[in-house]
Amino acid sequence: MKKKGVGMSCVLHPTGNKGAGDPSQAAIQLKPDGTFALLVGAVDIGQGSNTILRQFAADALGVPIEKILVSNFADDFAPLCLGSFASRVTLIDPHAVVNAVEDLKRRIREWVANEWEANPEDIEFDGETVYLRGDRERRSMTMDQIAAGANFGGGYNPGFLVGTGAWQPAKFHAHDPETGEMPAVGAISFGCCIAEVEVDTETGVVDVTRLVQVWEVGKAVNPLLVRAQINGGLHIGMGYALTESSYPYWPTEDYAPEKLGDYFMPTFLDYPPELIYGIEEVPHPAGVQGAKGFSEGSSNGPPPAIIAAIHDAIGVWIDTYPATPEVILKALEAKKASE
Amino acid sequence: MKQQVLTFILNGEEVAVLVTPTETLLDVLRERLQITGPKRGCDDGECGACTVLLDGEPVRSCLTLALTVEGRTVTTVEGLMVKGELDRLQKAFYERGAFQCGFCTPGMLMVAKSLLAKNPNPSRDEIRSYMAGNLCRCGSYEEIIEAIQAVAAGEY
Ligand code: FES
Ligand code: FES
């Protein structure tokens, strides 16, 4: 018999470590052709950090995103980033990027002021134009001109226009010896997931028939990527809840998965036929433009929602992941025996 | 092992390459011809990342012995672009964010290409079942379905 159930979970996901230091660095250089080379340490494994860090750099400079080239290829030479994990990059790295841009602007101001025999404090930026306050008509240069002048010299003083930046959520906080209190995280993201399942009581198979997941992300810097991460988190969460395991159940380890095909990830057919995602924005004071990370949390929402839905459907709480058919059938048997 | 000459049409051009009888099409494409669009996800026929079109039909190049494609036509993701223009599916995937890491994308595109060639207006369920053999660890299934639907609806 197929039984339907609905379950819900609420997730609170920390992003950025406040207690033990969690810095990232960035550098940005004005290249000879007027583009900017942004060097970051964050590794983009598909989550889109390169894209959003370019966005932040472009916004801070007031130039189109096409002008920003980003590289994080060579670990040996890249600025340091503690890593692409724990949803920390969107909270932390943009600060490093924005600080690097400010530093670069300071260097540009100094270089231009030197050319014009002016005071660096009187140099203003207007997108890709740099000018002397009060004398914009006579004293203005485009970024391309500055790039060519500084990098190739000629009639100008040579210069290497690079800015660097670093940031962490807070200095190290030792815990309070009296209370044990410690501000552990830089920011928290909030999510909610509602799953509807259909449990086949004869085969033990659980189908997720509908799923809704909503995340409060501070600011959706790139809504396409936020969406990909909410629905991508579902993939990991569903696998965790229902199918993925590298542990042999029975009777010996000989039955452990050996290859990819023995390890059951959700496929197109396992995805809920009806899938809804939602994004909520409440700008976070610690984030650049209010942004914070969340994506790891999106894989934490579905498992408890699915387990709760199974409980709703068949009246048993599954306390081991994944809830494979074997686990479901054993739980049903145990329930019957106890009745 | 003794090498033999294999001749076939790759992305519209005839190629001849020395191969051993045990090499797979994926080995030959990636290692001998530097065609790295098809990805080696599992090398075991399970993930679909290595999918190419053989005479228009999707096959797993990791399970296809290279010598069996003698004289036949192979299209990889590199062959989807025509005269510098991305294929409609490529545009839709790109604009709709139908991937995160992109590792599965070359395989997904080839299967989707074959689906639309056979069924220009597939339903959501038809897309799900036709694409079911291709895995995406980043979980971009929903976005992939939408991108294919958008192409079918003539948006690209
Ligand atoms: S590499 Fe061929 S199916 Fe995975
Ligand atoms: S986009 Fe990463 S595996 Fe599909």
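Bear in mind the structure is a predicted one, so any value in this text is a computation, not a measurement.

1. Description of the interface of chain B and chain A
Between chain B and chain A, the contact holds 27 residues from the first and 25 residues from the second. Roughly 2200 Å² is buried in total at the junction of chain B and chain A, and carbon and sulfur atoms are behind 58% of that figure. Taken together, chain B and chain A are joined by 5 salt bridges. The shortest N-O distance in the salt bridge between Arg227(A) and Glu146(B) comes to 2.9 Å. Of all the secondary structure elements, the ones that give two or more residues to the side of chain B that touches chain A are α4 (124–130) and α5 (141–152) of chain B. Here the residues of the side of chain B that touches chain A are counted per class, giving 12 nonpolar, 5 polar and 10 charged.

2. Structural notes on the nonpolar core
By size, the foremost hydrophobic cluster in this structure holds 57 residues, and its most contacted members are Ile310(A) and Ile148(B). Elements supplying a minimum of two residues to this core: β9 (185–200), β10 (206–216), α4 (223–243), α5 (302–314) and α6 (325–338) of chain A together with α2 (88–95), α3 (105–118) and α5 of chain B. Every residue in contact with Ile310(A), bar those within four places of it in the chain, is listed here: Val197(A), Val199(A), Val206(A), Leu242(A), Gly315(A), Val316(A), Ile318(A), Ala323(A) and Ile328(A). Formed by 42 residues, the second largest nonpolar core is a distinct cluster that contains Ile52(A), Leu61(A), Trp111(A) and Val288(A).

3. A few points about the sheet that holds β9(A)
Residue and element names in this part refer to chain A. Reading across the sheet, the 4 strands line up as β1-β9-β10-β11 and stay open at both edges, with mixed pairing between neighbours. Each edge of the sheet is formed by a strand with only one pairing partner; in this case those strands are β1 (2–17) and β11 (274–280). Going from strand to strand, the sheet's axes swing by 15° on average, the running direction of each strand aside. As paired elements, β10 and β11 share 7 bridges and run parallel to each other. Directly across from Val 214, in β11, lies its bridge partner Gly 278. With respect to the sheet, α5 is in contact with β1, β9 and β10, its orientation differing from that of β1 by roughly 155°.

4. Let's talk about the domain arrangement of chain B
Residues and elements named next belong to chain B. Under the domain assignment used here, chain B contains domain 1 (4–79) and domain 2 (88–152). One C-alpha centre belongs to domain 1, the other to domain 2, and the line joining them spans 21 Å. Listed as interface residues are 18 residues of domain 1 and, on the opposing side, 14 residues of domain 2. Counting the surface lost from both domain 1 and domain 2, the interface buries some 1100 Å², and carbon and sulfur atoms represent 65% of this. Taken together, the links from domain 1 to domain 2 amount to 1 salt bridge. A salt bridge links Glu 57 to Lys 118, with the shortest nitrogen-to-oxygen separation between them at 3.1 Å.

5. Concerning the environment of Ala78(A)
Residues and elements named next belong to chain A. Mapping Ala 78 onto the fold places it in the loop between β4 (68–71) and α2 (89–116). Through-space distance from the C-alpha of Ala 78 to that of Ala 27 is 8.7 Å; in sequence the pair is 51 residues apart. The contacts of Ala 78, once residues within four sequence positions are left out, are Val 40 and Gly 41.

6. Remarks on the pairing of β4(A)
Residues and elements named next belong to chain A. In this structure, strand β3 (residues 36–40) lies alongside β4, joined through 4 bridges in parallel fashion. Looking across to β4, one finds that Ala 37 is bridged to Leu 69. In this fold, β3 hands off to helix α1 (residues 49–61), which returns the chain to β4; that crossover is right-handed.

7. Observations concerning the packing of aromatic side chains
Residues and elements named next belong to chain A. Counting across every chain of the model gives 5 aromatic pairs over all chains. Pairing Trp 215 with Phe 294 gives two aromatic rings, centres 5.7 Å apart and planes at 45°, and the pair type is tilted. With Trp 215 in strand β10 and Phe 294 in the loop between β11 and α5, this pair connects stretches of sequence that are 79 residues apart. You can call Phe 294 buried: its relative accessible area is 5%.

8. Notes on the packing of α2(B) against α3(B)
All names here are of chain B. For the pair α2 and α3, interaxial distance at closest approach is 10 Å and the crossing angle is 130°. In terms of orientation, α2 and α3 fall into the oblique class. For the pair α2 and α3, the sense of crossing is right-handed. Together, Leu 89, Gln 90 and Phe 93 of α2 and Thr 105, Met 108, Leu 109, Ala 112, Lys 113 and Leu 116 of α3 make up the contact between the two elements. In the contact of α2 with α3, the residues fall into 6 nonpolar, 2 polar and 1 charged.

9. Some words on the domain arrangement of chain A
Residues and elements named next belong to chain A. Entries for chain A in the domain assignment read domain 1 (2–14 + 186–338) and domain 2 (24–167). The gap between the C-alpha centroids of domain 1 and domain 2 is 41 Å. Listed per partner, the contact involves 19 residues of domain 1 and 15 residues of domain 2. With both chains or domains summed, domain 1 and domain 2 bury close to 1200 Å², and 60% of this area falls on carbon and sulfur atoms. Among the residues of domain 1 in contact with domain 2, Val 221, Leu 225 and Val 288 are the three that bury the most area, contributing 39% of the side total. Here domain 1 is connected to domain 2 by 0 salt bridges. Remark: the boundary between domain 1 and domain 2 carries 8 residue pairs in polar contact (both at pLDDT 80 or more). Elements with a contribution of two residues or more to the side of domain 1 that touches domain 2: β1, β9 and α4.

Basis of the calculations
Residues numbered from 1 in each chain as written. Chains lettered and ligands numbered in written order. Predicted model: local features only at pLDDT ≥ 70, side-chain atom pairs only at ≥ 80, totals over all residues. Heavy atoms only, no water. Contact = heavy atoms within 4.5 Å. Buried area = accessible area lost by both parts, 1.4 Å probe. Salt bridge = Lys/Arg side-chain N within 4 Å of Asp/Glu carboxyl O. Helix = DSSP H or I, 4+ residues; strand = E, 2+ residues; numbered from the N terminus. Nonpolar A, V, L, I, M, F, W, Y, C, P; charged D, E, K, R; others polar. Core = buried A, V, L, I, M, F, W, Y, C linked by side-chain atoms within 4.5 Å. Buried < 20%, exposed > 50% of the residue type's maximum accessible area, 1.4 Å probe, protein only. Pairing = 2+ DSSP bridges. Axes fitted to C-alpha atoms, helices over the stretch in contact; angles between N-to-C directions. Domains from an automatic or database assignment. Right-handed = clockwise from strand over helix to strand, strands pointing away. Phe/Tyr/Trp six-rings, centres within 6.5 Å; stacked < 30°, edge-to-face > 60°. Parallel < 35°, antiparallel > 145°, perpendicular 65-115°, else oblique. Left-handed = near helix turned anticlockwise from the far one by under 90°. Polar contact = N/O pair within 3.5 Å; in protein donor to acceptor, adjacent residues only side chain to side chain.

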